[in-house]
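# Close look at the chain arrangement
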Amino acid sequence: MSYLSVSTWSLHRLLGPLRWTHWDQEAGSHFTREQEQPQVLSLLELPAEASSRGYRAVEVCHFHFPSTEQDYLQELRHRFEAAGISFDTLLLDYGDISSADEKRSTADYALVQHWIEVAAQAGAKRIRVIAGDSPADDEDALQRAAQRLSEMQQFASGRGVQIVTENFRPLTSTGDNCVQLLERGHHSFRMITDFGNFKGSAKYDEIALTLPYSVSVHAKAHYDDAGMPDEPEFRNCLEQLKTSGYNGAVVLIYDGPGDMWEGLERIRRIVEPYL
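Starting afresh in each chain, residues are numbered from 1 along the sequence in its written order. Side-chain atom pairs in this predicted model are given and counted only at pLDDT of 80 or more, local residue features only at pLDDT of at least 70, and totals for whole chains, interfaces and linings cover all residues. To get the side-chain values, all heavy atoms of the structure are used, and hydrogens and water are removed first.

### A word on the pattern of salt bridges
- Salt bridges are identified by distance alone: a Lys or Arg side-chain nitrogen within 4 Å of an Asp or Glu carboxyl oxygen. Tallied over the entire structure, the rule returns 19 salt bridges.
- Arg19 is the partner of Glu34 in a salt bridge, and the nearest nitrogen-oxygen pair spans 3.9 Å. With Glu34 in strand 3 (residues 29–35) and Arg19 in strand 2 (residues 18–24), the pair connects residues that are 15 residues apart, well separated along the chain.
- Relative accessible area decides the class of each residue, using a 1.4 Å probe on protein chains only: under 20% of the type maximum gives buried, over 50% gives exposed, and in between gives partly exposed. By relative accessible area, Glu34 is classed as partly exposed at 47%.
- Lys220 is the salt-bridge partner of Asp255, the closest N and O atoms lying 3.5 Å from each other. You can see Asp255 sitting in the loop between strand 10 (249–253) and helix 8 (260–271) and its partner Lys220 sitting in strand 9 (residues 214–220), a full 35 residues away along the chain.
- The class of Asp255 is partly exposed, set by a relative accessible area of 28%. Only runs of H or I of at least four residues qualify as helices and only runs of E of at least two qualify as strands under DSSP, and these elements are numbered from the N terminus.

### Regarding the nonpolar core
- The criterion is simple. A nonpolar core is a set of buried Ala, Val, Leu, Ile, Met, Phe, Trp, Tyr and Cys residues joined through side-chain atoms within 4.5 Å. Formed by 78 residues in total, the largest nonpolar core has its most connected members in Phe65 and Ile127.
- Note on definitions: a residue-residue contact is assigned when non-hydrogen atoms from the two residues lie within 4.5 Å. In contact with Phe65, not counting residues within four places along its chain, are Arg19, Leu43, Val60, Tyr72, Leu73, Leu76, Phe87, Leu90, Trp115 and Val118.

### A closer look at the packing of helix 6 (residues 203–210) against helix 7 (residues 231–244)
- One way to put it is that helix 6 packs onto helix 7 with a least axis distance of 9 Å and a crossing angle of 30 degrees. When the axes of helix 6 and helix 7 are compared, the pair comes out roughly parallel. Note that helix 6 runs across helix 7; the crossing there is right-handed. Seen from helix 6, the contacting residues are Lys203, Tyr204, Ile207 and Ala208; seen from helix 7, they are Glu233, Asn236, Cys237 and Gln240.
- Each residue gets one label: Ala, Val, Leu, Ile, Met, Phe, Trp, Tyr, Cys and Pro are nonpolar, Asp, Glu, Lys and Arg are charged, and the others, such as Gly, are polar. Here the residues of the contact of helix 6 with helix 7 sort into 4 nonpolar, 2 polar and 2 charged. Axis definition: a line fitted to C-alpha atoms, over the contacting stretch in the case of helices. Angles run 0 to 180 degrees between N-to-C directions. Each angle receives one of four descriptions, namely roughly parallel if under 35 degrees, roughly antiparallel if over 145, roughly perpendicular if within 65 to 115, and oblique otherwise. Left-handed describes a crossing whose near helix is turned anticlockwise from the far helix by less than a right angle; the clockwise case is right-handed.

### Remarks on unusual backbone geometry
- Within the chain, His186 stands out as a residue other than glycine whose phi angle is a positive 55 degrees.
- Mapped onto the elements of the fold, His186 is located in the loop between helix 5 (175–184) and strand 8 (190–194).
- Looking at His186, the relative accessible area reads 68%, which means it is exposed.
- Its identity is not glycine, yet His187 carries a phi of approximately 55 degrees, on the positive side.
- As for its placement among the helices and strands, His187 is situated in the loop between helix 5 and strand 8.

### What to know about the packing of helix 5 against helix 6
- Put simply, helix 5 and helix 6 touch, their axes get as near as 8 Å, and they point 15 degrees apart. It follows that helix 5 is roughly parallel to helix 6 by the angle criterion. Both helix 5 and helix 6 take part in a crossing whose hand is left-handed. Of the residues in helix 6, those in contact with Gly175, Asp176, Cys178 and Val179 of helix 5 are Glu206, Leu209 and Thr210.
- Counted by class, the contact of helix 5 with helix 6 contains 3 nonpolar, 2 polar and 2 charged residues.

### Things to note about helix 8
- The span you would expect from a helix comes to 1.5 Å times its residue count less one. Taking 1.5 Å of rise per residue, the 12 residues of helix 8 would be expected to cover 16 Å, and the 16 Å separating its terminal C-alpha atoms lies within 8% of that figure.
- Close packing links the buried residues of helix 8 with strand 1 (3–7), helix 1 (46–52), strand 9, helix 7 and strand 10.
- Capping of helix 8 at its N-terminal end is provided by Asp259; its side-chain oxygen lies 3.0 Å from the backbone amide nitrogen of Trp261. We define a polar contact as two N or O atoms separated by no more than 3.5 Å, with the added condition that, inside protein, one atom must be a possible hydrogen donor and the other a possible acceptor, whereas residues neighbouring each other in sequence contribute only through side-chain atom pairs.

Such coordinate-based values are descriptive only and should not be taken to indicate function.
See the structure below:
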């Protein structure tokens, strides 16, 4: 049976500073840029809060971690266990493993390994790794990404973590590319399907194409300036879940204006009948 989850992106105006990872091409190294945001709730407090609101799982963006020290990660793991809620996925929101730039790909690979270790220590079941920023028609980049994701899965398996990627960024912007990536990687890793990331007239077909390989679905609606969802369009996406028999996490995504918990409730009432 599918179940309700929430991403920390849907609460990013409540969880304090965002710590964005960037690549400095000239220096050949990563750096972090901090974006100030209010902190109404700490990451350590989130598991209990989400559980009290009826969520069964959480996905945590890497930029919401205030620390990756072992003591902090063990405490975060304990908070999830104490709240009786699953830390489903650590969402690594940086990286281009499809890059032909050897210096960058080596550095990004090492960074992914670091975050796999973080996921393991914090008790996350999975880590989302971005396939890449290469153009969708770059066959060599698709092959590089598949090979590197497979290698990462071997590393992650020894730590009890599953690699997943997503229809996110140019290389996996089409359903065909997502399936090709999985096939070239011998299905050693899995997918996240995000409703908001497929575009154009083929959107619903692409959602249907990737759902059989997905362990998580990001249920993101189109929102107007007031944060109200386009309900008919959103239901068209959700109908794909029903048709496919999808059985996994349905992660609510809200990034509109106003109170973020209220925004989540507006889409929750639409999603719950499809669980």
